[in-house]
Amino acid sequence: MAGRLSLPEVDLSCPICCEIFKDPVVLKCSHSFCALCLQKYWTQRGRNRDCPLCRTQSLDEPVPSLTLRNLCESLIQDGEEAAGELYCEPGEVCPLHGEKLKLFCLQDKEPICVVCHTSRKHKQHDCCPVSEAIVDVKEKMKSTLSSLQEKRDTFNKMRKNYEDTVAHIQVQAQFVERRTHEEFQKLHSFLQVEEEARMEELRREEEQKSRQMRHKIEEMERNITSVSVSIRALEEEMALEGISVLHKCKRTLASVIDPVEDEVVAPGALIDVGKYVGSLSFQVWEKMHKMVKYTPVTLDPNTAAPWLILSDDLTSVCDSDDKQKLPDNPERFDPDTAVLGCEGFTSGKHAWDVNVGDNTAWVVGVAKESVKKKEKVSSVLINGYLCVYFYHKMYFAGTSPLTRLNLKSNPQRIRVMLDCDKGKVYFYNPQDNTHIYTFKHAITEKVFPYFWVGCQQCPLTVEPLEVSVKAVEYF
């Protein structure tokens, strides 16, 4: 390929502006100028269109010089490339040798120059061109960027979960506040009614016994008036003289000769204070127990699967089609539609009745604290469950494999009896006390009441126990 022509820069400069030609034109006298410079020169000269160098008159329009323009553009381009090669950013030059950093040491992970590559420090090291290293680094940066973006998405998801948890905590607090207010309102209403009833009974007794005493007072006032009349009459007769006293006193003395018995207040005339204030709180408590409901198991909403609907008093649970928006806390069952009781047991005896009614799919019993809650597992003994099942109109015990139970009747209630110390879980039909099944399994960790429900029409309900209040007697 032929080499590019090289001309001195002065030969490619306009005589008027002394700069590299821009849009060069040539006159008949062969002199060249920038088109704009020539026009400005002629404008200043008026009608005189002469050459700025030789003063030759030019009647024709100047002709563009394509060759000169190409030479000028080549000169400008070569100058820019040369300037680019001479100028480097500070980070592109080796600080030791002043050479451009064109290699990348794979071992030391740093850019080096050609001289560095022959030095003792990098002589035995593998190197690659900086351009290749840049591509490799950008690929790693791209991968790292993707990883960071995924991490950011994970953090955003976690933050959203925490925000949802805060919102759910507020909902729980509002629910507890409402339920507590309702329960105390019932107690307040009961106490208010009881107080008003006692005050009404006290007012009636007070009115009755006060009325009796007022009748006695009126009777005494009549007697006093009668006696007062007799006294005045007797005093008048005593003031008489002579035999007339003998004639009148006979009748007067006969009317007052009857003796007066000293009456006392009749028994029971006073208010029975002890009946009202004696052991008052105990008497009210004894009446209150009739309105108090106690269930041995309270369902834990923090373990309930999102599809389950719990009653406000946390004693009943049923299935639904809608998944609620709940925090995915570690204690919650998902996807299994299960829920645990709030209290776990490691010792002692415990029992509760579950009303299964006409529920067509249920599991009741106990579950170990370590059961897996975030995956669907077969709820059998080897997975930490000691339960009985009702599914497809058949009853099973949660052994491995399942044990088919042949029951004479369909129980409406299931009684679960847990003896932690003996390591036994009994299941009975409380209606006729029929034994259903018994697990013999050592209780080595905390176990919780367990409920699984797959029916929307009929809930599982923990039955309340009868509550009694009585004083301890010495005999």
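- By the naming in an unreviewed UniProt entry, the protein goes by Tripartite motif containing 35-13 and is assigned to Anabas testudineus.
- UniProt's Subcellular location (unreviewed entry) comment on the protein is quoted here verbatim: "Cytoplasm".
- Under the heading Sequence similarities (unreviewed entry), UniProt records this for the protein: "Belongs to the TRIM/RBCC family."

### Observations regarding the overall build of the protein
- When helices and strands are counted, the protein shows seven helices and 19 strands.
- Since a compact globule built from 475 residues should have a radius of gyration of about 23 Å, the 57 Å found for the protein marks it as more spread out than a globular shape.
- By its C-alpha atoms, the protein is 195 × 85 × 50 Å across when sized along the principal axes.
- Relative to its full complement of 475 residues, the protein shows a buried share of 30%.
- In the protein, of all internal contacts separated by at least 6 residues, the share reaching a separation of at least 24 is 58%.
- Within the structure as shown, the protein displays about 33000 Å² of accessible surface, and the carbon and sulfur contribution to it stands at 55%.
- Distance between charge centroids for the protein: 5 Å, based on 61 positive and 71 negative side chains.

### Here's the deal with unusual backbone geometry
- Omega for the bond connecting D334 with P335 falls within 30 degrees of zero, at 20°, which places this linkage in the cis form.
- Inspection of the secondary structure assignment puts P335 in the loop between β8 (316–318) and β9 (338–340).
- Between S400 and the following residue, P401, the backbone shows a cis peptide bond with an omega angle of 0°.
- Relative to the elements of secondary structure, P401 occurs in the loop between β13 (394–397) and β14 (403–405).
- Phi at L314 takes a positive value of approximately 60°, unusual for a residue other than glycine.

### Remarks on the nonpolar core
- Membership of the largest hydrophobic core comes to 52 residues, with the highest contact counts inside it found for W362, I414, Y450, F451 and L460.
- Discounting chain neighbours no more than four positions away, the residues touching F451 are V297, L299, T337, A338, V339, W352, V354, V363, V364, L460 and V462.
- With 15 residues, the next largest nonpolar core counts I20, F21, L38 and C72 among its residues.

### Concerning the UniProt feature "domain: RING-type" (unreviewed entry) in the protein
- Residues annotated in UniProt with the feature "domain: RING-type" (unreviewed entry) correspond here to residues 14–55.
- Each end of residues 14–55 is marked by a C-alpha atom, and these two atoms are 16 Å apart; helix forms 26% of the span and strand 14%.

### A few points about the packing of helix α4 (residues 130–238) against helix α7 (residues 280–288)
- Interaxial distance between α4 and α7 falls to 11 Å at its minimum, and their mutual angle equals 120°. Comparing their axes, α7 and α4 come out oblique. The interaxial crossing formed by α4 with α7 has right-handed handedness. Along its contact with α4, which presents L187, F190, L191, E194 and R198, the element α7 presents L280, Q283, V284, K287 and M288.
- Taken together, the residues of the contact of α4 with α7 break down into six nonpolar, one polar and three charged.

### Description of the pattern of salt bridges
- Overall, the coordinates contain 25 salt bridges when judged by the stated rule.
- Note that E183 and K186 form a salt bridge whose closest N and O atoms lie 3.6 Å from each other. One end of the pair is E183 and the other is K186, both in helix α4 and three residues apart, which spans about a single turn.
- Taking relative accessible area as the criterion, E183 reaches 34% and is therefore assigned partly exposed.

Thresholds applied
- Residues numbered from 1 in each chain as written.
- Predicted model: local features only at pLDDT ≥ 70, side-chain atom pairs only at ≥ 80, totals over all residues.
- Heavy atoms only, no water.
- UniProt positions renumbered as here; feature names shortened; annotations may be inferred.
- Helix = DSSP H or I, 4+ residues; strand = E, 2+ residues; numbered from the N terminus.
- Rg over C-alpha atoms; globule rule 2.2 N^0.38 Å.
- Buried < 20%, exposed > 50% of the residue type's maximum accessible area, 1.4 Å probe, protein only.
- Contact = heavy atoms within 4.5 Å.
- Areas by Shrake-Rupley, 256 points an atom, 1.4 Å probe, with all protein chains shown as cover.
- Lys, Arg positive; Asp, Glu negative; His and termini not counted.
- Charge placed at Lys NZ, Arg CZ, Asp CG, Glu CD.
- Core = buried A, V, L, I, M, F, W, Y, C linked by side-chain atoms within 4.5 Å.
- Axes fitted to C-alpha atoms, helices over the stretch in contact; angles between N-to-C directions.
- Parallel < 35°, antiparallel > 145°, perpendicular 65-115°, else oblique.
- Left-handed = near helix turned anticlockwise from the far one by under 90°.
- Nonpolar A, V, L, I, M, F, W, Y, C, P; charged D, E, K, R; others polar.
- Salt bridge = Lys/Arg side-chain N within 4 Å of Asp/Glu carboxyl O.

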